[in-house]
Amino acid sequence: MAKFIFITGGVLSGLGKGITAASIGNILAARTKKVFMMKFDQYLNVDAGTLNPAEHGECFVTDDGAETDLDLGHYERFTDQNLSCKSSVMSGQIYQTIIENERAGKYLGKTVQLIPHLTDEVKRRMLDAAKDSKADIVIVEIGGTIGDFEGLHFVEAIRQMRRDLGIENTLYGHVGFFPYLETTEELKTKPLQNSIRDLNTYGIQPDLIFCRADHPIKESQLNKIATFCNIDRDAVVPLETIESVYELPLILEKFNVAKVIARKMGISLGSRKDKSWIELVKKIRAKKTKTVQIALVGKYMDMKDTYYSVTEALKSASYYNSVGLKILWTDSEMIEKDGAAKYLKNVDGVVVPGGFGNRGIEGKIAAAKFARENKIPYLGLCLGMQIATIEFARNVLKTDKCNSTEFDSEVENPVIHIMEHQKKITDYGGTMRLGAYPCVLSKDSISFKAYKQREISERHRHRYEFNNDYRDILAKAGLVIAGTSPDGKLVEIIEMKNHPFFVASQFHPEFKSRPNRPHPLFREFIKAAAK
Ligand code: GLN
């Protein structure tokens, strides 16, 4: 039977609870434990697919096509495993199941209640994921902050899990914060004590407490938490703000978190078997003689989390190539106003990531044109592939009347158009072409040289595609069809002839990049940019 570690958060949000959960996953996976990670979110949405990325950050996509919270990206990167739709649960999903069960008469005339029916459904999903994944340890992160009214059903469910499974099979970790008071120049521990007290009122006593702070933490402050919160001193872990999140697993090692977990759960964990993470952190810390400047041309510039997996993939590729990385956040609407040269003339590479809707599109097209004409390495991700196609077509057909029907439904040359099976779909939630699909690479392409294999599998999230009516004419003019679906029908990767590195994919390679194993396309893109 799997054991469960539950992670809650207190005091305030944005403390890196997801990164902490992922780092616990990392230290267990590095000891050859099979770990499965789950995130429970309070929102009444059924999944993250319909959430506005400008407010909520990136929508992460799994192999099996679930549209999830960006924390799943941390989990996959830190534990180096592919998760599934079972990893991401939102309250909307739970309610949907309950209501469907009720309509189907499955409650046999009983009054349907938050407790036990809703909490039972939460627990059922945890146990089901444990069984399905065959994990030794399931790590469950509870979204939000302790005391949030809308997260109470999750807190009650994890309380019951200890009663159901026993003390040695469950462990509660709590991530809180020490605020800094300027006037007295000290960190304060009281808000964290109070959040533990809140947790206690729900019947949960944490076994591990993580104290986040932006300033150095004193031993006396940790002792205070241990004393007032009734917990072993070595189970109170200081987490001061760090430069790179990838250092966190090694900080947990420094404070012997695995030893505390082993003791409390009655298991033997030993020492870290996998050393690749230690090498990674060495690479991150190493002095770099060269820094590449990459323009990330997007439209959600106030919310950088929207492009989280993209920036992490760029970072990993720069660690691998031993170069520093400076991301220039470039608003495509500013390019529309001032022209591309103003923002792109000194950059080493251009990335156009995924996106939806008309706003800022012409700026992205101008960025692709600038990169193509000036032979600047270009990496297009989903929308970034579509706009590169539009740009090239305008150039070849010598008319601006080329577009995607997403942005101009009546356009004369719809070089990107809606996929056949998408035409009849009216619902927004979960209806795109989602998840992993195979792609076959053409032998003489840059992509093949990067992947070093003919058949690949990558994750998708789109409604529109390359229009095959334009394939021949664009190919004749120098557009390389570098990857297609196995039946050859769907264009998955385009490249440009006579360009040092111009690669754009219909899929999202960023989702499969790992910190210690950068994605081939990102790795080669940064290598080209460094030249
Ligand atoms: N809006 C485009 C489509 O739906 C691109 C999507 C994306 O970039 N993820 O096809």
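Coordinates for the structure precede this section.
My aim in this report is to walk through the structure given alongside it, one point at a time. (Residues numbered from 1 in each chain as written. Predicted model: local features only at pLDDT ≥ 70, side-chain atom pairs only at ≥ 80, totals over all residues. Heavy atoms only, no water.)

### Describing the overall build of the protein chain
- Counting secondary structure elements, the protein chain contains 19 helices and 23 strands.
- Computed over the C-alpha atoms, the radius of gyration of the protein chain is 25 Å, within 12% of the 24 Å expected from 2.2 N^0.38 for a compact globule of 531 residues.
- If you line up the protein chain on its principal axes, its C-alpha atoms span 75 × 65 × 45 Å.
- In the protein chain, which comprises 531 residues, the share counted as buried stands at 59%.
- With an accessible surface of roughly 22,600 Å², the protein chain has 50% of that area assigned to carbon and sulfur atoms. (Helix = DSSP H or I, 4+ residues; strand = E, 2+ residues; numbered from the N terminus. Rg over C-alpha atoms; globule rule 2.2 N^0.38 Å. Buried < 20%, exposed > 50% of the residue type's maximum accessible area, 1.4 Å probe, protein only. Areas by Shrake-Rupley, 256 points an atom, 1.4 Å probe, with all protein chains shown as cover.)

### Considerations on helix α15 (residues 361–373)
- With 13 residues, α15 ought to run about 18 Å at 1.5 Å a step, and its terminal C-alpha atoms sit 18 Å apart, in line with that.
- Of all the residues in α15, the buried ones are Ile361, Gly363, Lys364, Ile365, Ala367, Ala368, Phe370, Ala371 and Arg372.
- Note on α15: the residue one or two positions beyond its end, Lys375, has a positive phi of about 55 degrees. (Expected span 1.5 Å × (residues − 1).)

### Observations regarding the sheet that holds strand β13 (residues 324–331)
- Taken in spatial order, the nine strands make up an open sheet running β13-β12-β14-β15-β23-β22-β21-β18-β19, and their pairing is mixed. In this open sheet, the two strands that pair with only one neighbour each are β13 and β19 (455–462). Taken pair by pair, the neighbouring strands of this sheet meet at an average axis angle of 25 degrees, ignoring direction.
- Note: strand β12 (residues 291–298) against strand β14 (residues 349–352), three bridges, orientation parallel. Residue pairing across strands places Ala295 opposite Val350, the latter belonging to β14. (Pairing = 2+ DSSP bridges. Axes fitted to C-alpha atoms, helices over the stretch in contact; angles between N-to-C directions.)

### Thoughts on empty space enclosed by the protein
- Per the counting criterion, the structure on display carries one cavity of 30 Å³ or more.
- One number sums up the size of the largest cavity: a volume of about 70 Å³.
- Along its surface, the largest cavity is lined by 13 residues, and Ile142, Gly143, Thr145, Ile146 and Val155 are the ones closest to its centre.
- Listed by contribution, the elements that provide at least two residues to the lining of the largest cavity are β1 (3–9) and α6 (152–165). (1 Å grid on protein atoms, 1.4 Å probe; cavity = no way out; pocket = protein on both sides within 12 Å on 5 of 7 lines; lining within 4 Å. Points joined across faces, edges and corners; volume = space filled by probe spheres on them.)

### Focus on the pattern of salt bridges
- Going through the model one piece at a time under the given rule, you end up with 40 salt bridges.
- Between Lys39 and Asp41 there is a salt bridge, and its shortest N-O distance comes to 3.5 Å.
- Note on Lys39: relative accessible area 5%, which makes it buried.
- One salt bridge in this structure joins Glu102 and Arg103, with 2.7 Å as the shortest N-O distance.
- Taken together, the salt bridges that share partners define one network made up of Lys17, Lys39, Asp41, Asp69, Asp71 and Glu141. (Salt bridge = Lys/Arg side-chain N within 4 Å of Asp/Glu carboxyl O.)

### Quick word on the site of the ligand
- For the ligand, the full set of nearby residues is Gly354, Gly355, Phe356, Cys382, Leu383, Gln386, Glu406, Arg461, His462, Arg463, Tyr464 and His508.
- The separation between a nitrogen atom of the ligand and a polar side-chain atom of Glu406 is 2.7 Å.
- Between Tyr464 and the ligand, the recorded distance is 2.9 Å, taken from a backbone N or O atom to an oxygen atom.
- For the ligand, the accessible surface in isolation is 290 Å², of which the surrounding protein chains cover 99%.
- Here the ligand is seated within the second largest pocket.
- Residue assignment for the shell around the ligand shows that the elements contributing at least two residues are α16 (383–397) and β19.
- When the residues that make up the shell around the ligand are grouped by side-chain class, the tally is four nonpolar, five polar and three charged. (Near = heavy atom within 4 Å. Polar contact = N/O pair within 3.5 Å; in protein donor to acceptor, adjacent residues only side chain to side chain. Sits in = over half its atoms within 2 Å of the grid points. Nonpolar A, V, L, I, M, F, W, Y, C, P; charged D, E, K, R; others polar.)

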